[in-house]
Amino acid sequence: MHIPDGFFDAATSAAAAAVAAGGLVIALRQARQELDDRTAPMAGLVAVFVFAAQMLNFPVGAGTSGHLLGGALAAILVGPWTGVLAVSVVLLIQALLFADGGMTALGLNIINMAFVTVAVAWPVFRILVRALPRARTTWTSAAFLAGFASVPASAAMFTVEYALGGVGTFSVGTVLAAMVGTHALIGIGEGLITALTVGAVLSVRPDLVRGVRDLLPRPVLAAVAPVTSRG
Amino acid sequence: MNRTVRWYIGAGLALSVVMAGIVGWYASSAPDGLERVAADHGLGRDGDLAAASPLAGYEVAGMAEGPLSAGLAGLTGVVATGLLAFTVFRWLARRRGAEPPAAR
């Protein structure tokens, strides 16, 4: 899902870099509300885990693979703004050290894989866990759906960018169908990894799952974690 | 940070090291979704990947392609990601501490 150099014209790449930079400034401000001495190491761990998990490409059909994007997982575990920052750290390291995603495409990659995935997955997850019964199985299912939905959404955003300034001869409709179709399959893998990981944390320390912390029974919270007054 | 949280962070980091340092080499090397669509639909131009970095493509330049090279590259990435992420998030948490204290 990492866009290399040479896929987009200079104007689109530069505009995307500016949008991503502006978004990151906002995320850096907002994430302070989500972070304290207890959650900051969690956020660091989430970034490391997403980096490692992104290396594990899984096959989806003949000659194609997919890998975790991680925005859904990060948002559910540590909050949406912190999640955006965690995935952005991963994308920066990948571009700088591994040429995985071009430096000129870093803004596009941050928009697609950090902002779009979180912007889709976080509302999907929160709406579901608020509407459904408070139980680990429903929260795990909600994590699957949030992860699943985030990947074709990211692919759709790629197509929007392609329409604006992509290098290629195929029509936008053809690219949209190919991108969303392929990434719907990859989304199943994303959903499974997201659900598996969130489920594992829920079984050990549910209070460390940001996306359900306000839904836990009071005694559990009081017993294991100091509660802050802010969200 | 209490003991169970520390244990939990340590276990997560250990799992990440195993994933990036060992399992990564055995993951699918088929083109990912975007690379597949790009190849099928002629998107983009060919870039010069090899020149970009000594770790380009998750291999250590000059080492024989294999689990050792891939593992070293993966571990380097884990350490680099961890250093940057833990620094940024601890700094942000401290910045919050500089504001009027939240009721605990």
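Residues numbered from 1 in each chain as written. Chains lettered and ligands numbered in written order. Predicted model: local features only at pLDDT ≥ 70, side-chain atom pairs only at ≥ 80, totals over all residues. Heavy atoms only, no water.

S.K.: If you had to explain the interface of chain B and chain A to someone new, which residues and values would you point to?
M.R.: Each side of the interface is counted separately: chain B has 60 residues, and chain A has 67 residues. Roughly 5600 Å² of surface becomes buried between chain B and chain A when both sides are summed, with 70% attributable to carbon and sulfur atoms. Connecting chain B to chain A are 0 salt bridges. Taken together, the connections running from chain B to chain A amount to 11 residue pairs in polar contact (both at pLDDT 80 or more). Counting only elements with at least two residues in the side of chain B that touches chain A, the list comes to helix H1 (3-21), helix H2 (33-41) and helix H3 (67-97) of chain B. The leading source of residues in the side of chain B that touches chain A is H3 of chain B, at 18 residues. In terms of residue class, the side of chain B that touches chain A is built from 34 nonpolar, 17 polar and 9 charged. (Contact = heavy atoms within 4.5 Å. Buried area = accessible area lost by both parts, 1.4 Å probe. Salt bridge = Lys/Arg side-chain N within 4 Å of Asp/Glu carboxyl O. Polar contact = N/O pair within 3.5 Å; in protein donor to acceptor, adjacent residues only side chain to side chain. Helix = DSSP H or I, 4+ residues; strand = E, 2+ residues; numbered from the N terminus. Nonpolar A, V, L, I, M, F, W, Y, C, P; charged D, E, K, R; others polar.)

S.K.: Quick one: what's the story with helix H5 (residues 106-131) of chain A, residue by residue and with numbers?
M.R.: If you check H5 of chain A, its first and last C-alpha atoms are 36 Å apart, about what 26 residues at 1.5 Å a residue would give, namely 38 Å. Bending of H5 of chain A peaks at approximately 25° at the position of Phe 115 of chain A. (Expected span 1.5 Å × (residues − 1). Bend = angle between axes of the 7 residues up to and from the residue.)

S.K.: Would you mind going over the pattern of salt bridges in detail, with residue names and values included?
M.R.: Within the structure shown, the criterion is met by 4 salt bridges over all chains. Of the charged contacts, one joins Asp 40 of chain B and Arg 36 of chain B as a salt bridge, the two residues approaching to 3.2 Å between their closest N and O atoms. Taken as a pair, Asp 40 of chain B and Arg 36 of chain B lie in helix H2 at a separation of 4 residues, close to a single helical turn. One connected set of salt bridges, linked through shared partners, spans Arg 38, Arg 205 and Asp 207 of chain A.

S.K.: Hey, could you go over empty space enclosed by the protein for me, with residue numbers and the actual values?
M.R.: Applying the stated criterion across every chain, the model contains 2 cavities of 30 Å³ or more. Forming the boundary of the largest cavity are Arg 38, Thr 39, Met 42, Leu 77, Val 78, Asp 207, Leu 208, Val 209, Arg 210 and Arg 213 of chain A. Breaking the lining of the largest cavity down by element, the ones donating at least two residues are helix H2 (39-54) and helix H3 (71-78) of chain A. Residues belonging to the lining of the largest cavity are distributed by class as follows: 5 nonpolar, 1 polar and 4 charged. Computed from the structure, the second largest cavity encloses a volume of approximately 40 Å³. Met 1, Gly 66, His 67, Leu 69, His 183 and Ile 186 of chain A together with Asp 32 and Gly 33 of chain B together form the lining of the second largest cavity. Tallied by class, residues from the lining of the second largest cavity come to 3 nonpolar, 4 polar and 1 charged. (1 Å grid on protein atoms, 1.4 Å probe; cavity = no way out; pocket = protein on both sides within 12 Å on 5 of 7 lines; lining within 4 Å. Points joined across faces, edges and corners; volume = space filled by probe spheres on them.)

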